[in-house]
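Spelled out, the chains give:
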Amino acid sequence: MLKYSTYNSIYNNEDIKVSAPGNPTAHNYVTKIKDAILHSLAALSSLFRQVSLMKMVLVLMLVISGFTVVGNVFAGSVSSMKPDKRIVVERGDTLWSLALSNKPEDMKTAVYIEGIMKTNHLENSVIKAGDILILPLY
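On a predicted model such as this, the values are computed, not experimentally measured, just so you know.

Cut-offs used in this document
- Residues numbered from 1 in each chain as written.
- Predicted model: local features only at pLDDT ≥ 70, side-chain atom pairs only at ≥ 80, totals over all residues.
- Heavy atoms only, no water.
- Helix = DSSP H or I, 4+ residues; strand = E, 2+ residues; numbered from the N terminus.
- Buried < 20%, exposed > 50% of the residue type's maximum accessible area, 1.4 Å probe, protein only.
- Contact = heavy atoms within 4.5 Å.
- Areas by Shrake-Rupley, 256 points an atom, 1.4 Å probe, with all protein chains shown as cover.
- Patch = residues over 30% accessible without salt bridge, like charges linked within 9 Å, V, L, I, M, F, W, Y side chains within 5 Å.
- Salt bridge = Lys/Arg side-chain N within 4 Å of Asp/Glu carboxyl O.
- Core = buried A, V, L, I, M, F, W, Y, C linked by side-chain atoms within 4.5 Å.
- Arc of directions from axis to C-beta.
- Axes fitted to C-alpha atoms, helices over the stretch in contact; angles between N-to-C directions.
- Parallel < 35°, antiparallel > 145°, perpendicular 65-115°, else oblique.

Asks: Break down the overall build of the protein chain for me, citing the residues and quoting the values.
Replies: Along its length, the protein chain carries five helices and two strands. Element order for the protein chain, N to C, with α for helix and β for strand: α-α-α-β-α-α-β. Across the 138 residues that make up the protein chain, the buried fraction comes to 15%. Counting only contacts in the protein chain whose residues sit at least 6 apart along the sequence, the fraction spanning at least 24 positions is 51%. In the form shown here, the protein chain has an accessible surface area of approximately 11900 Å², with 63% of it arising from carbon and sulfur atoms.

Shown next as structure tokens:
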């Protein structure tokens, strides 16, 4: 059976102070650490109270969208671009005749001619035999 003094030392709720000669007690050291942690937590909680939830959500959304845009820019492959069609203008060809033979069925001929002129940086509709034209693909 346990002696009364051992029982009191194990189950007594008194703070036990351990110290070494010349050093502060362990109890004082733990108290200082606990106070520092509580002070830090109080500062963080006041910071979160000042910054509204909407601001934090907005910043998070901006960061995520920024990474998404950058990822899409660098992840895009060259094969996703539509290939263009190059032709050599022959004698008697006009932009109208080239547009009729190469445009999509549901597109107006005049609109396709404008696309040819913009793609090839043409100022007018004059083309000559031997010219190389890039035909846009839609």
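Asks: Explain a nonpolar patch on the surface residue by residue, including any values.
Replies: Among the surface-exposed residues, Y29, V30, I33, I37, L38, L41, L44, L47, F48 and M56 lie close enough to one another that they form a single nonpolar patch of about 980 Å² accessible area. In terms of residues, the nonpolar patch owes the most to one element, helix α2 (residues 26–50), which gives nine residues.

Asks: Got a sec to walk through the environment of L137? Specific residues and values, please.
Replies: Here L137 lies in the segment after β2 (132–135). Residue classification places L137 among the partly exposed positions, given a relative accessible area of 38%. The sequence separation of L137 and D84 amounts to 53 residues, and the corresponding C-alpha distance is 6.1 Å.

Asks: Break down the nonpolar core for me, citing the residues and quoting the values.
Replies: Counting 13 residues, the largest nonpolar core has L95, L98, Y112, I116, I127 and L133 as its most contacted members. Elements with a contribution of two residues or more to this core: α4 (95–102), α5 (109–119) and β2. Sort the elements by how many residues they give to this core and α5 lands first, with four residues. For L95, the contacting residues outside a window of four places in its chain are I113, I116, M117, S125, I127 and L133.

Asks: Give a detailed account of α4, specifying residues and quantitative values.
Replies: For α4, the full list of buried residues reads L95, L98, A99 and N102. For α4, the buried positions fall inside an angular range of 100° around the axis, keeping them on one side. If you follow the buried residues of α4, they end up packed against β1 (85–88), α5 and β2.

Asks: Give me the packing of α4 against α5: which residues, what numbers.
Replies: Packing of α4 against α5 brings their axes to within 9 Å, and their N-to-C directions diverge by 110°. Viewed along their axes, α4 and α5 adopt a mutual orientation that is roughly perpendicular. In contact with L95, W96, A99, L100 and N102 of α4, α5 contributes T109, A110, Y112, I113, I116 and M117.

Asks: Got a sec to walk through the environment of A129? Specific residues and values, please.
Replies: Mapping A129 onto the fold places it in the loop between α5 and β2. Placed 38 residues apart in sequence, A129 and R91 show a C-alpha to C-alpha distance of 5.0 Å. Every residue in contact with A129, bar those within four places of it in the chain, is listed here: V89, E90 and R91.

Asks: Tell me about α5, and name the residues and values.
Replies: Along α5, the residues that are buried comprise T109, Y112, I113, G115, I116 and M117. Each element contacted by the buried residues of α5 is listed here: α4 and β2. A positive phi of about 55° marks H121, the residue just after α5.

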